[in-house]
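The residues making up each chain are set out below.
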Amino acid sequence: MPGLAWATNQMFPARVMVYEKVDGAYSWKNIHIQSQIPNNTEFLYDAVDVIMHPNDKKHFFVGTFANGLFEFRDDAFYKWHNPNNSTLETIPPYNPLHYVRIDGLKFDKDGNLFMTNGFVSKYVQMLKPDGTWKAFEYPRNTDSQALILTNLGTPVIPQSNPNQKWIPSKRNERNPCH
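Note that this is a predicted model, so its numbers are computed, not measured.

Which parts of the structure should I look at to understand the overall build of the protein chain?
On a plain count of helices and strands, the protein chain comes out with zero helices and 10 strands. The linear arrangement of helices and strands in the protein chain, starting from the amino end, is β-β-β-β-β-β-β-β-β-β. A separation threshold of at least 6 residues defines the contact pool for the protein chain, and within that pool the share at least 24 residues apart is 42%. About 9700 Å² of surface is accessible on the protein chain, with carbon and sulfur atoms providing 51% of the total.

Okay, structure coming up:
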């Protein structure tokens, strides 16, 4: 998955490949994303994270630093999650479909998919198993704190208390976790 998480979209087209054992031998299977997206009008750019569903090895998600979240089932494109069909946010005032920064994909024990949505007010997002979304807002003291939330890490869900979700910051030493 070529991609880059930085302040501007690099627009690296993503290539999703699965390494699997078929007929006793391991090989790479290329999933042709661009031809599967309806009307071929949007592409999966700047892929930065991927996670497989814990109960289905043919169901996975790709987070991008450009276009939001892409969902695949049975090695085929299934759904593009973006601000038009979810609580995901884009960086205002840019194109709502090309500045959706998604990273840090992590499932909890209940099958909820947590992720970070950088540069926006509701930077923690959750996709529930039933397909509905919930967004969590971080209370800020100043507008300058919005810049702090630019490059967040993968949520940490402690086994000792799975009701807690810790979000590490990759770049800020003043607030290393949220």
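Sorry, what's going on with the side chain of R101 here?
With respect to the secondary-structure elements, R101 resides in strand β7 (residues 101–107). No salt bridge is formed by the buried R101. Its closest oppositely charged neighbour is D46, at 5.8 Å. At 2.5 Å, the side chain of R101 and the backbone oxygen of F65 are in polar contact.

What's the story with the sheet that holds strand β8 (residues 113–118) in this structure? I'm lost.
Backbone-to-backbone hydrogen bonds join strands into a sheet, with any given pair of strands oriented parallel or antiparallel. Spatial strand order, β7-β8-β9-β10: four strands in an open sheet with antiparallel pairing. Edge positions in the sheet fall to β7 and β10 (133–136), since each has one partner strand and no second. Across the sheet, the axes of successive neighbouring strands diverge by a mean angle of 25°, strand direction being ignored. Sheet topology note: the β8/strand β9 (residues 124–127) ladder contains four bridges and is antiparallel. Each bridged residue has a counterpart across the sheet, and for L113 the counterpart in β9 is L127.

Hey, could you run me through the sheet that holds strand β4 (residues 56–64) in this one?
An order of β3-β4-β5-β6 is seen for the four strands of this open sheet, with the pairing classed as antiparallel. Here the strands that pair on one side only, and so sit at the sheet edges, are β3 (47–53) and β6 (76–81). Direction aside, the axes of adjacent strands within the sheet are offset by 25° on average.

What counts and what doesn't
Sequence order as written defines the numbering, with residues in each chain counted from 1. Reporting in this predicted model follows two pLDDT cut-offs: at least 70 for local features of residues, and 80 or more for side-chain atom pairs to be given and counted; totals over whole chains, interfaces and linings ignore these cut-offs and use all residues. The side-chain values count all of the structure's non-hydrogen atoms but skip hydrogen atoms and water molecules. Note on conventions: DSSP H or I runs of at least 4 residues are helices, E runs of at least 2 residues are strands, and numbering of each starts at the N terminus. A contact between two residues is defined here by any heavy atoms of the two lying within 4.5 Å. Only the protein chains shown count as cover for residues, and all accessible areas are computed by the Shrake-Rupley method using a 1.4 Å probe. Accessible area is worked out with a 1.4 Å probe on protein chains only. A residue is then buried under 20% of its type maximum, exposed over 50%, and partly exposed in between. Positive charges come from Lys and Arg alone, negative charges from Asp and Glu alone, with His and the N- and C-terminal ends not counted. Salt bridges are defined by distance alone: a side-chain nitrogen of Lys or Arg within 4 Å of a carboxyl oxygen of Asp or Glu. Contacts described as polar in this section are N or O atom pairs within 3.5 Å, which, within protein, must combine one atom able to donate a hydrogen with one able to accept it, while residues neighboring in sequence count only if both atoms come from side chains. A strand pair is defined by DSSP finding two or more bridges across the two strands. Geometry is summarised by axes, namely lines fitted to C-alpha atoms with helices restricted to the contacting stretch, and by angles between N-to-C directions that run from 0 to 180 degrees.

This is a description of form; function is not addressed.
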